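Structural characterization, general
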Amino acid sequence: MKKILTTVATVVALCSAVSVQARPLDAIQKSGSITMGSEGQYAPFNFFRGKELTGYEIDVAEAVAKKMGLKYEWKAVGFDALLTGLAQDRWDLVIASHAITPEREKAVSFTLPHYCSGGIIVAMTPAIKTAKDLAGKVVAVQTGTTYLEHVKKVPGVKEVKNFPTDEAARNALVSKRVDAWVTDRFVAKEMISKNAKAGFNTGDMLFVEQVAAAVSKGNTGLSDAYNKALKELIADGTIKAISEKYFHEDVTCK
Ligand code: SLZ
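Everything numeric in this text was worked out from a predicted model, so none of it was measured. (Residues numbered from 1 in each chain as written. Predicted model: local features only at pLDDT ≥ 70, side-chain atom pairs only at ≥ 80, totals over all residues. Heavy atoms only, no water.)

So, the pattern of salt bridges
All told, the structure shown has 10 salt bridges when counted by the stated rule. With its nearest N and O atoms 3.3 Å apart, the salt bridge here joins Glu73 to Lys75. Overall, Lys75 belongs to the partly exposed group, its relative accessible area being 33%. Note that Glu149 is salt-bridged to Lys152, the shortest N-O span being 3.6 Å. Note that Glu149 and Lys152 are positioned in helix H6 (residues 146-152) at a spacing of three residues, about one turn of the helix. With relative accessibility at 37%, the residue Glu149 sits in the partly exposed group. (Salt bridge = Lys/Arg side-chain N within 4 Å of Asp/Glu carboxyl O. Buried < 20%, exposed > 50% of the residue type's maximum accessible area, 1.4 Å probe, protein only. Helix = DSSP H or I, 4+ residues; strand = E, 2+ residues; numbered from the N terminus.)

Some words on the sheet that holds strand S11 (residues 201-216)
Spatial ordering of the open sheet is given by S5-S1-S6-S11-S7-S10-S8-S9, a layout of eight strands whose pairing is mixed. Every interior strand has two partners, whereas the edge strands, strand S5 (71-76) and strand S9 (159-163), have only one. The pairing of strand S8 (residues 138-142) with strand S10 (residues 180-184) spans two bridges and is classified as parallel. The partner of Val139 across the bridge, within S10, is Ala180. The sheet contacts of helix H3 (residues 56-67) involve strand S1 (33-38), S5, strand S7 (108-123) and S11, and relative to S5 the element is tilted by about 150°. Sheet strands in contact with helix H9 (residues 220-235) are S1, strand S6 (93-94), S7 and S11, and its direction is about 65° off that of S7. (Pairing = 2+ DSSP bridges. Contact = heavy atoms within 4.5 Å. Axes fitted to C-alpha atoms, helices over the stretch in contact; angles between N-to-C directions.)

Quick notes on the site of the ligand
In the region of the ligand, 13 residues are neighbours, and Glu39, Arg104, Gln142, Thr146 and Glu209 sit closest. For the ligand, a nitrogen atom lies 2.9 Å from a polar atom in the backbone of Ser97. The contact in question runs from an oxygen atom of the ligand to an N or O atom on the backbone of Thr146, over 2.8 Å. When isolated, the ligand has an accessible area of 320 Å², and the protein chains bury 100% of it. Of the residues that constitute the shell around the ligand, the class distribution is five nonpolar, five polar and three charged. (Near = heavy atom within 4 Å. Polar contact = N/O pair within 3.5 Å; in protein donor to acceptor, adjacent residues only side chain to side chain. Areas by Shrake-Rupley, 256 points an atom, 1.4 Å probe, with all protein chains shown as cover. Nonpolar A, V, L, I, M, F, W, Y, C, P; charged D, E, K, R; others polar.)

Let's talk about the side chain of Asp59
Within the secondary structure, Asp59 is located in helix H3. By relative accessible area, which is 16% here, Asp59 ends up buried. Asp59 has contacts with Thr54, Ile242, Lys245 and Tyr246, leaving out every residue within four places of it along the chain.

Examining the environment of Lys67
Along the polypeptide, Lys67 turns up in helix H3. For Lys67, a relative accessible area of 40% corresponds to the partly exposed category. Sequence separation between Lys67 and Ser117 is 50 residues; the distance between their C-alpha atoms is 25 Å.

Digging into the packing of H3 against H9
Two numbers describe how H3 lies on H9: the axes approach to 9 Å, and their chain directions differ by 110°. Taken together, the axis directions place H3 and H9 in an arrangement best described as roughly perpendicular. Contacts between H3 and H9 involve Val60, Ala63, Val64 and Lys67 from the first element and Tyr226, Ala229, Leu230, Glu232 and Leu233 from the second. The class makeup of the residues in the contact of H3 with H9 is seven nonpolar, no polar and two charged. (Parallel < 35°, antiparallel > 145°, perpendicular 65-115°, else oblique.)

Digging into the packing of H3 against helix H10 (residues 238-247)
In contact at an axis separation of 9 Å, H3 and H10 are set at 160° when each is read in the N-to-C sense. By the criterion of interaxial angle, the relationship of H3 to H10 is roughly antiparallel. In this structure, H3 crosses over H10, and the sense of that crossing is right-handed. Each of Tyr56, Asp59, Val60 and Ala63 in H3 lies in contact with H10, whose residues at this interface are Ile239, Ile242, Ser243, Lys245, Tyr246 and Phe247. (Left-handed = near helix turned anticlockwise from the far one by under 90°.)

Structural notes on the state of the cysteines
Tallying each qualifying case throughout the model produces one disulfide. Two residues, Cys116 and Cys253, share a disulfide whose sulfurs are 2.1 Å apart. The sign of the 100° torsion about the S-S bond sets the Cys116-Cys253 disulfide as right-handed. Taken together, the positions of Cys116 in strand S7 and Cys253 in the segment after H10 put the pair 137 residues apart, joining distant regions of the chain. (Disulfide = S-S within 2.5 Å.)

Structural measurements only, silent on function.
Spelled out as structure tokens, the structure:
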């Protein structure tokens, strides 16, 4: 047993020795371009319009990059791979609606938040509105999200079904494979305003959260520069204007 543990420890040590850290600020500045990762399946925060990645978070990050004097390049991948990709040097920064949580903070460093929101209950009947109403019900959430963690803690929920994308979780509700869907309140609001006749009903917010970009753990040079630019863009009204464009309201943290 001891030998196996030693072998495992050696392999882990070797892996970390060869792993490359995401680039510090000066390396990014030297190259002139920052590589950013997002999901592209979470309208209106980040989504594809044809081949173009767009949305509130995409516009915010591009404005920040420009303010930092940088060009940018996007990588879009599944939500699950985004934070781990920071430690693998696949991108310098992730912006994909990640809430700041103690668990995630063990692995990455967060910037200042670019919006404040929360998880809301959505159902096809007005009878399911509160956490209590979820007792005995099947609830759809996206894998790897704070929605999953919070719904798991609601007493009496019959089953939490998880899906690779938020859209797939929503489709499960539409096709009545689940009784409720928990998603972001602004995602729900926008989706319902675009599908007014579909019969969606929103209920209570289950929890609130602050959502921020993430950089590799301890990359404070990059997060400080990002924060400085973001603060300036909040102060001069740029972020508010981007928010109004996608949500018709200001979603920044008050
Ligand atoms: N804000 C939630 C969901 S992000 C989901 C993106 N599709 C979280 O932090 O997990």
